Every structure is written in C-alpha cells, then in structure tokens.
Amino acid sequence: MNGSSRGGFTLLELLAALAVFAVMSAMAYGGLSSLLQTRQEGQRRLDALAGLQTFFIHLSRDVEQTWPRSILDGNNGVRPAFSGIDGASRFLELTRGGRPNPRGVARSGMERVAYSLEEGRILRHAWPTLDRVNEEEPKGEVLLEEVAEVEVRFLGLDGKWVLAWPPVGSGPGEIASMTTLPRALEIVVEKRGWGRIRRLFELMGGG
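Everything quoted here is computed from the prediction, not taken from an experiment.

Caption draft 1: Looking closely at the layout of surface pockets. The calculated volume of the second largest pocket comes to roughly 220 Å³. Every element with two or more residues in the lining of the second largest pocket is listed here: helix H1 (11-64) and strand E7 (139-144). Among the elements that make up the lining of the second largest pocket, the one with the highest residue count is H1 (seven residues).

So this is what it looks like as structure tokens:
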C-alpha cells in the first residue's frame, strides 16, 4: 500500500478545518459573552431594585410611626419632633415609635432617626437616645447608592405644600411648631439609570 492510498487529511484540509473551527469558536464565545453581559446587567437591575425597595420600606416605617415628641440636643437646644429641608444634605429627621426591644431592656420605645444624602448615597442615621447630654454620633446605614438628587416637600395643616418643616417663620419658642406634624411627606429620588421616583407618605398624627 503506497502513501497515496492511505486514509487521512491533507494539509490543506486540516487548515480548512481549523479555520472553520476558529470561526465557530469565535461565534460561540461572542454569544456566551453577550449572554453573560445580559445576565450581569439583569443582576445589577435586580440589585438596584432591591436597594430602592429597602430604602422606601425603611422610610415608610419611620414616617408612618412618627411620634410628636421633640428632643433636647447636646447644645441645650430643642429640636422639633419632625423636621426636614428640601435641598439639605440631611433632608429629614424625626422621632418614631415602635422601637423593637426583644431583650426587654429598660429603655424608651421611641427612637430618633434621620436621612441624609452624602456622596451619592442615602444614609439612615439612628441615635441611641432621644435627649442627649452631648452631641452623640449616630449610627449610619447606607440604604441606597447612585443617587443624583433627593427632593422633599411637606403638606401643611392648611393644605399647602412647603419645602421646609416646621414652616419658615415658626420660632423655637412656639411649642406647637416643635410637636406639630405635617399631613404628608412627598419625596422624589433621582437614581442613576432609573430616573425620578416619586413617593407620597401620609403621617398618621399629622394635623
């Protein structure tokens, strides 16, 4: 049997087969890469949605359990039970009830919390005590990231919306302004990739 009658592939056939294999591999890799990118983007969207839900759940619980209880700060001053300013870094601060106490520790069932926008992140702050002997540093928790802007406004007792609470003109000596709650809070969160998200929260003790 001579060499011409042996079974096998010629060099040209091998090169052609390798070329076809290379093209098919490139196509398969491109499809897999596209699938992985789509999956990663989907996961990012899910993570962002979870962050939004976490933020709004915390905010809803705090606002709905707002308590008309002013506090003493560490500078011998009085802070309103509920306060907020549109455009401020710390755009909301309030006293809330319903503080969990699973260990039955002798402490207040109320809690002082605040929300702030810092470097594109919304943080929830919580103080260990209501009335403070000195300025204590609150415990901060990041609830939402990639936030471009936060807007707030408050529905007053006269049915008009205002951008600050207590309303401008309420002096610190007016006891009513220290404990009076708005009827509702409207908040707009602009999150990158999601646009502007608007929510309205009614205060049970408002008015």
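Caption draft 2: Layout of the nonpolar core. Residues Phe55, Leu92, Ile122 and Ile187 are the most contacted members of the largest nonpolar core, which totals 28 residues. Contributions of two or more residues to this core are made by H1, strand E4 (90-96), strand E5 (111-118), strand E6 (121-127), E7, strand E8 (147-155), strand E11 (184-191) and strand E12 (195-202). A per-element tally of this core places H1 first, with five residues. Contact partners of Ile122, with chain neighbours within four places excluded, come to Phe55, Phe91, Tyr115, Ser116, Leu117, Glu141, Val142, Leu143, Leu144, Val147, Val150 and Val189.

Caption draft 3: Just unusual backbone geometry, in detail. Between Trp165 and the following residue, Pro166, the backbone shows a cis peptide bond with an omega angle of 0 degrees. One non-glycine residue with positive phi stands out, namely Glu119, at about 55 degrees. Taking relative accessible area as the criterion, Glu119 reaches 80% and is therefore assigned exposed. With phi around 55 degrees, Glu146 is a residue other than glycine that occupies positive phi space.

What counts and what doesn't
Residues numbered from 1 in each chain as written. Predicted model: local features only at pLDDT ≥ 70, side-chain atom pairs only at ≥ 80, totals over all residues. Heavy atoms only, no water. 1 Å grid on protein atoms, 1.4 Å probe; cavity = no way out; pocket = protein on both sides within 12 Å on 5 of 7 lines; lining within 4 Å. Points joined across faces, edges and corners; volume = space filled by probe spheres on them. Helix = DSSP H or I, 4+ residues; strand = E, 2+ residues; numbered from the N terminus. Core = buried A, V, L, I, M, F, W, Y, C linked by side-chain atoms within 4.5 Å. Buried < 20%, exposed > 50% of the residue type's maximum accessible area, 1.4 Å probe, protein only. Contact = heavy atoms within 4.5 Å.

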